[in-house]
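Each chain, written out:
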Protein chains: 2
Amino acid sequence: MPSTASARPPGRPRAGVNAKVFAATLSTVHELGYARATVERIAAAAGVAKSTVYRRWPSKGALIVDCLLDAFGPAPLEGADRAEIMSSVIHWVARTIGEPGVGDAFAGVFSDAVSDPALREILSARLQDPYRLALQDALGEPEHRVLFFIDVVVGVLLHRMGMTGEPMVDSDIAALVEMVLPHFAEGPGPT
Amino acid sequence: MPSTASARPPGRPRAGVNAKVFAATLSTVHELGYARATVERIAAAAGVAKSTVYRRWPSKGALIVDCLLDAFGPAPLEGADRAEIMSSVIHWVARTIGEPGVGDAFAGVFSDAVSDPALREILSARLQDPYRLALQDALGEPEHRVLFFIDVVVGVLLHRMGMTGEPMVDSDIAALVEMVLPHFAEGPGPT
DNA sequence: CAAGTATCGAGACTCCGAGTATCGATACCT
DNA sequence: AGGTATCGATACTCGGAGTCTCGATACTTG
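As the structure is a prediction and not an experimental result, all values here were calculated from the model. (Residues numbered from 1 in each chain as written. Chains lettered and ligands numbered in written order. Predicted model: local features only at pLDDT ≥ 70, side-chain atom pairs only at ≥ 80, totals over all residues. Heavy atoms only, no water.)

1. Quick word on the overall build of chain A
Next up, step 1: Assigned secondary structure in chain A consists of nine helices and zero strands.
Next up, step 2: In chain A, the order of α-helices and β-strands from amino to carboxyl end is α-α-α-α-α-α-α-α-α.
Next up, step 3: A globule of 191 residues ought to have a C-alpha radius of gyration of about 16 Å, and chain A, at 18 Å, matches this closely.
Next up, step 4: Viewed in the frame of its principal axes, chain A has a C-alpha envelope of about 60 × 40 × 30 Å.
Next up, step 5: Each of the 191 residues in chain A was classed as buried or not, and the buried ones make up 50%. (Helix = DSSP H or I, 4+ residues; strand = E, 2+ residues; numbered from the N terminus. Rg over C-alpha atoms; globule rule 2.2 N^0.38 Å. Buried < 20%, exposed > 50% of the residue type's maximum accessible area, 1.4 Å probe, protein only.)

Written out as structure tokens, the structure reads:
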């Protein structure tokens, strides 16, 4: 088994349920949209019972967040300079959001978080904070600048996805890079 | 409760229902959040019956869109040059989204639209298109560039609102203006 | 003033999804 | 083989979106 099996209590172990549920979540969201992707349908697509899903995640939102975390994986932070890092991060986020189901799931859970403080906390702590901290370290930028960077990149991509139902095209992603990089260039930038 | 019989427009039984419902929508969303702001609660806050709301708007999403349209009003497009127009538009959107209830309502209906093509059509046609056309005319930019501008401005502001629950602070709005304006400056810009 | 009419208010109703609870079945570890 | 925790199935509560009916009301017109 390639995964690190830490302390495993006796009893029936967890078969590869999480991976199956993640895949089923994305495909169901992709086929039916976020609202019609009910937990019951996701569970059925994964071949597990709804109660199994709720045993592993406290809410639909938490499931989606973990699913997104799995879909994004580690951020690509290896670059020659800050511009290269930022560019590769933007392309990575755009590419991942463009994968089937990811954009819908992201926009959906993001909207749910608007009126659900508990979900907002999950979203912020489990999804945004790890990438934010890694970016602060890689770019040497203060927290508020990195938060602004994330607002710009993710906000633009999600708005396009939400308004049109389609991921952003390459030419607009290029425009996004060309707009963002000068603003974050080193030197006499704004505080 | 006292039946406040104030100004009555001509026609059959038409009271100033729309305005009362719009105000009740924003205050209810502001107090309870988007998800808890049910149509029943909004109607109660407006002093009307739920059936009255559904007689005037086909869905909760359509009500929110009309409410946002009322909250934003006409775009401020009178400026000396393109930079001034874009700057005033950005500040106007930021200021309006920062008004109580508007940001929550916007982010909420936006998220609903992700998985509801009919609502997405309403949102795009009734809210985005009029402003987009006015901006194309005022800025002399092609459609895809104005759509990108809207994606940037609205996407960033909504992402901040959704992630933090608070509107964007003035210093970050200033940073947004400083990032966007050079990209749309006239001259040897990208196609 | 009276009649006509369209909207309003109240509330019951259906539909559906989130999340909970129960219990027998099962698959893994020791 | 046996112990044990998870799994599957299923029934359940709760709440909101949207529909429908009907009596009440308020406005317009003769």
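2. A short note on the relation of the copies chain A and chain B
Next up, step 1: Mapping chain A onto chain B calls for a screw motion: a turn of 180° about the axis and a shift of 0.0 Å along it, with 0.1 Å RMSD after fitting. Such a combination of turn and shift is consistent with a two-fold rotation axis.
Next up, step 2: A shared binding surface is used by both copies, with 95% of the interface residues of chain A retained as interface residues in chain B. (Least-squares fit on C-alpha atoms with pLDDT ≥ 70 in both. Contact = heavy atoms within 4.5 Å.)

3. As for helix α7 (residues 117-139) of chain A
Next up, step 1: Gln-128 of chain A marks where α7 of chain A bends most, by close to 45°; the proline Pro-130 of chain A follows one to four residues later.
Next up, step 2: Every buried residue of α7 of chain A is listed here: Leu-119, Arg-120, Leu-123, Ser-124, Leu-127, Gln-128, Tyr-131, Arg-132, Leu-135, Gln-136 and Leu-139 of chain A.
Next up, step 3: On its buried face, α7 of chain A sits against α4 (60-72), α5 (82-98), α6 (102-114) and α8 (143-164) of chain A together with α8 (143-164) of chain B.
Next up, step 4: Note on α7 of chain A: the residue one or two positions beyond its end, Gly-140 of chain A, has a positive phi of about 65°. (Bend = angle between axes of the 7 residues up to and from the residue.)

4. Side note on the pattern of salt bridges
Next up, step 1: Summed over the entire model, instances satisfying the criterion amount to 14 salt bridges over all chains.
Next up, step 2: Across the salt bridge formed by Arg-82 of chain B and Glu-141 of chain B, the nearest N and O atoms sit 3.0 Å from each other. In this pair, Arg-82 of chain B sits in helix α5 (residues 82-97) while Glu-141 of chain B sits in the loop between α7 (117-139) and α8, placing the two residues 59 residues apart along the sequence. Of the two residues, Arg-82 of chain B and Glu-141 of chain B, neither departs from the other in class, the shared state being buried.
Next up, step 3: Members of the salt-bridge network, linked through shared partners, are Arg-82, Glu-141 and Arg-145 of chain A. (Salt bridge = Lys/Arg side-chain N within 4 Å of Asp/Glu carboxyl O.)

5. A closer look at the packing of α4 of chain A against α7 of chain A
When two helices pack together, their arrangement is given by the angle between the helix axes and the distance between those axes.
Residues and elements named next belong to chain A.
Next up, step 1: Where α4 meets α7, the axes come as close as 9 Å, and the angle between the chain directions of the two elements is 10°. Considered as vectors, α4 and α7 are oriented roughly parallel to each other. Residues Gly-61, Ala-62, Val-65, Asp-66, Leu-68, Leu-69 and Phe-72 of α4 pack against Leu-119, Ile-122, Leu-123, Arg-126, Leu-127 and Tyr-131 of α7.
Next up, step 2: In terms of residue class, the contact of α4 with α7 is made up of ten nonpolar, one polar and two charged. (Axes fitted to C-alpha atoms, helices over the stretch in contact; angles between N-to-C directions. Parallel < 35°, antiparallel > 145°, perpendicular 65-115°, else oblique. Nonpolar A, V, L, I, M, F, W, Y, C, P; charged D, E, K, R; others polar.)

6. A few points about the interface of chain A and chain B
Next up, step 1: The interface is formed by 40 residues belonging to chain A together with 38 residues belonging to chain B.
Next up, step 2: Of all residues in chain A, the largest losses of buried area upon contact with chain B belong to His-159, Met-163 and Met-179 of chain A, amounting jointly to 21% of the total for that side.
Next up, step 3: The tally of links from chain A across to chain B stands at two salt bridges.
Next up, step 4: Between Asp-151 of chain B and Arg-160 of chain A there is a salt bridge; the shortest N-O distance is 2.5 Å.
Next up, step 5: Where chain A packs against chain B, one counts seven residue pairs in polar contact (both at pLDDT 80 or more).
Next up, step 6: Elements supplying a minimum of two residues to the side of chain A that touches chain B: α6, α7, α8 and α9 (170-183) of chain A.
Next up, step 7: The leading source of residues in the side of chain A that touches chain B is α8 of chain A, at 16 residues.
Next up, step 8: Counted by class, the side of chain A that touches chain B contains 21 nonpolar, twelve polar and seven charged residues. (Buried area = accessible area lost by both parts, 1.4 Å probe. Polar contact = N/O pair within 3.5 Å; in protein donor to acceptor, adjacent residues only side chain to side chain.)

7. Concerning the confidence of the model for chain A
For residues with low pLDDT, the predicted coordinates do not support detailed interpretation.
All names here are of chain A.
Next up, step 1: Of the residues in chain A, 91% reach a pLDDT of 70 or more, and the chain-wide mean stands at 90.
Next up, step 2: Highest mean pLDDT in chain A belongs to α9 (98); lowest belongs to α6 (89).
Next up, step 3: Predicted confidence is poor over residues 1-7, with pLDDT under 50, and the contacts of this stretch with residues over four places away or in other chains come to one contact. (pLDDT = per-residue confidence, 0-100.)

8. Some words on the packing of aromatic side chains
Here a ring pair, both rings aromatic, is described through the centre-centre distance and the interplanar angle of the planes.
All names here are of chain A.
Next up, step 1: Summed over the entire model, instances satisfying the criterion amount to twelve aromatic pairs over all chains.
Next up, step 2: Their ring planes at 80° and their centres at 5.6 Å tell us that Phe-72 and Trp-92 sit as a pair that is edge-to-face. Here Trp-92 lies in helix α5 and Phe-72 lies in helix α4, a separation of 20 residues in the sequence.
Next up, step 3: Exposure remark for Phe-72: the relative accessible area of 8% places this residue in the buried category.
Next up, step 4: A relative accessible area of 8% places Trp-92 in the buried class.
Next up, step 5: Taken together, the ring pairs in this structure connect Phe-72, Trp-92, Phe-106 and Tyr-131 into an aromatic cluster.
Next up, step 6: Above the face of the Tyr-34 ring, Lys-60 is positioned so that its terminal group lies 4.4 Å from the ring centre. (Phe/Tyr/Trp six-rings, centres within 6.5 Å; stacked < 30°, edge-to-face > 60°. Lys NZ or Arg CZ within 6 Å of the ring centre and 35° of its normal.)

9. A short note on the packing of helix α6 (residues 102-114) of chain B against α8 of chain B
Residues and elements named next belong to chain B.
Next up, step 1: One way to put it is that α6 packs onto α8 with a least axis distance of 10 Å and a crossing angle of 105°. When the axis of α6 is compared with that of α8, the two are roughly perpendicular. Along its contact with α6, which presents Gly-103, Asp-104, Phe-106, Ala-107 and Phe-110, the element α8 presents Val-154, Leu-158 and Met-161.

10. Let's talk about a negative patch on the surface
Next up, step 1: A cluster of acidic residues, Asp-112 and Asp-116 of chain A together with Asp-112 and Asp-116 of chain B, forms a negative patch at the surface.
Next up, step 2: One can find Asp-116 of chain A in the loop between α6 and α7.
Next up, step 3: For Asp-116 of chain A, a relative accessible area of 32% translates into the label partly exposed. (Patch = residues over 30% accessible without salt bridge, like charges linked within 9 Å, V, L, I, M, F, W, Y side chains within 5 Å. Areas by Shrake-Rupley, 256 points an atom, 1.4 Å probe, with all protein chains shown as cover. Lys, Arg positive; Asp, Glu negative; His and termini not counted. Charge placed at Lys NZ, Arg CZ, Asp CG, Glu CD.)

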